[in-house]
Amino acid sequence: MADVYIKKGEGRSFKSGGMWFYDNEIDRIEGKFENGDIIDVLDFDGYYLGRGFINTNSKITIRILTRHKDVNIDREFIKKRVKDAVKYRLDTVDTSSCRLIFGEADYLPGIVIDKFSDVLVVESLALGIDRLKADIIECLKEELASHGMNIRGVYERSDAKVRLNEGMERVKGFIGEPFDTKVEIVENGVKYMVNVADGQKTGFFLDQKYNRAAVGRLCKGAKVLDCFTHTGSFALNAATSGAESVLGVDASELGVEQAKENAILNNVQDKTEFICRDVFELLPELVEKGEQYDVVILDPPAFAKHKDALRNALRGYTKLNAKAFEKIKPGGILFTFSCSQVVDKVNFRNAVFTAAAQSGRSVRILHQLTQPGDHPVNIYHPEGEYLKGLVLYVE
């Protein structure tokens, strides 16, 4: 096993509880290794820091698995990590469909595993964890079975561009025997048909589960506009909770077709309409027509994937929210979200409040929303916190 020595004065994030070492923090490497191997990390003076996997193709060169020298990274180690992750979710969330493994938050850096009913969807984003992937999946299936949850199939969605930064190919397909990749789930009493093979990310955005429920509580009798509706999840929570009418908008034809199918599945097709349009183009048209809504929902894709894009992202959030404020009736509600990790809560709030000022609207905060418990935030790994939302009463 190779030893990696950190430069004097570096590793501050790790020493504060973090799990990563960047390429510019490394002084030297002693011993032979291949990218993806398990290595030991030592401070400049030889003090032991931890054990993890290395990939010199990545700016995040080392991801730590343990800080204990006497711990081996073997099947028993993985079994314990998986068991802890499952127990945490059994104790805290509805596990019928949820995120079972959330990378660094579950001390298994670089891998995400979602459960949709009796199907698992795996996204592996780091070379070292990719080598452990098979054991993680098998341990997870065994642990779930011990709690009466039998898994009928596993699908891999490791097709994100970020894998290219690790020197890895993008991968998509069955792990094990093929199965029907359209899976019906129920969340907040709403039915969805999830396409784990062709849907966005792992097939469905589980991180908005409780925020969708919050929408339902404020939509009775309302005229609702759901922007970036994807497969209609916010729209359907509104419709099934008594909204008078719901318009869902998304640029993805596949997403819109799935939203229409989900509306039929929930018998709300008569009060919902889904159209394939660019939201930024549609909102000004609605303003010109004088259309106004009781509730507007904005759940756009990430506007910034890295810090260099932060300024443009904030402009985008301000522009989008300003157009939305023009569409809300006095006494209406705006649900607005950002899933950009580099946009923190303060920046997002300032962008939204700037939009309110530009629109001449007075707003009050009803609720501040975030990701659910199956997407936990390790306080020593703040990079895991990405979803933030505001529920605003608009006067």
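Since this is a predicted model, take the numbers as computed values, not measurements.

Analysis parameters
Per chain, residue numbering runs from 1 following the sequence as it is written. The model is predicted, so local features are restricted to residues of pLDDT at least 70 and side-chain atom pairs to those at 80 or more, both for listing and for counting; the totals for chains, interfaces and linings are taken over all residues. Hydrogens and water are ignored here; the side-chain numbers use all heavy atoms of the structure. Centres within 6.5 Å make a pair out of two Phe, Tyr or Trp rings, where for Trp the six-membered ring is used; the pair is then stacked when the planes are under 30 degrees apart, edge-to-face when over 60, and tilted otherwise. Three labels apply to residues, based on accessible area from a 1.4 Å probe with only protein chains included: buried if under 20% of the type maximum, exposed if over 50%, partly exposed otherwise in between. For the purposes of this entry, the term helix denotes a DSSP run of H or I that reaches at least four residues, the term strand denotes a run of E that reaches at least two, and both are numbered from the N terminus. For a Lys NZ or an Arg CZ to count as sitting over a ring, it must be within 6 Å of the ring centre and within 35 degrees of the ring normal. By definition, two strands form a pair when at least two bridges between them are found by DSSP.

### Things to note about the packing of aromatic side chains
Aromatic rings considered in pairs are described by the distance between their centres and by the relative angle of their planes.
At step 1: Considering all chains together, one arrives at 10 aromatic pairs under this definition.
At step 2: Measuring from ring centre to ring centre gives 6.2 Å for Trp 20 and Tyr 22, while their planes differ by 85°; the resulting arrangement is edge-to-face.
At step 3: Residue Trp 20 is classed as buried on the basis of its relative accessible area, which comes to 14%.
At step 4: Measuring from centroid to centroid gives 6.5 Å for Phe 228 and Phe 280, while their planes differ by 65°, and the two rings are edge-to-face. Of this pair, Phe 228 sits in the loop between strand E14 (223–227) and helix H6 (233–240) while Phe 280 is found in helix H8 (residues 279–289), placing the two residues 52 residues apart along the sequence.
At step 5: A relative accessible area of 15% places Phe 228 in the buried class.
At step 6: With a relative accessible area of 32%, Phe 280 lands in the partly exposed category.
At step 7: Linked through ring pairs, Phe 228, Phe 280, Phe 303, Tyr 317 and Phe 348 together constitute an aromatic cluster.
At step 8: Between Arg 28 and the ring centre of Tyr 5, over which it is positioned, the NZ or CZ distance is 3.9 Å.
At step 9: Stacked on the ring of Phe 14, the Lys or Arg Arg 67 has its end atom at 3.8 Å from the ring centre.

### What about the pairing of strand E5 (residues 48–54)?
At step 1: Counting buried residues in E5 gives 7 out of 7 residues, a clear majority hidden from the surface.
At step 2: As defined by bridge partners, strand E4 (residues 38–42) adjoins E5 across 5 bridges and the pair is classed as antiparallel. What sits directly across from Asp 40, in E5, is Arg 51.
At step 3: Taking the residues between adjacent antiparallel strands as the criterion, E4 and E5 are bridged by 5 residues, where Gly 46 takes a positive phi near 90°.
At step 4: The pairing of E5 with strand E6 (residues 60–66) spans 4 bridges and is antiparallel. In the sheet register, Arg 51 faces E6, and the bridge partner there is Thr 66.
At step 5: The hairpin formed by E5 and E6 contains 5 residues between the paired strands.

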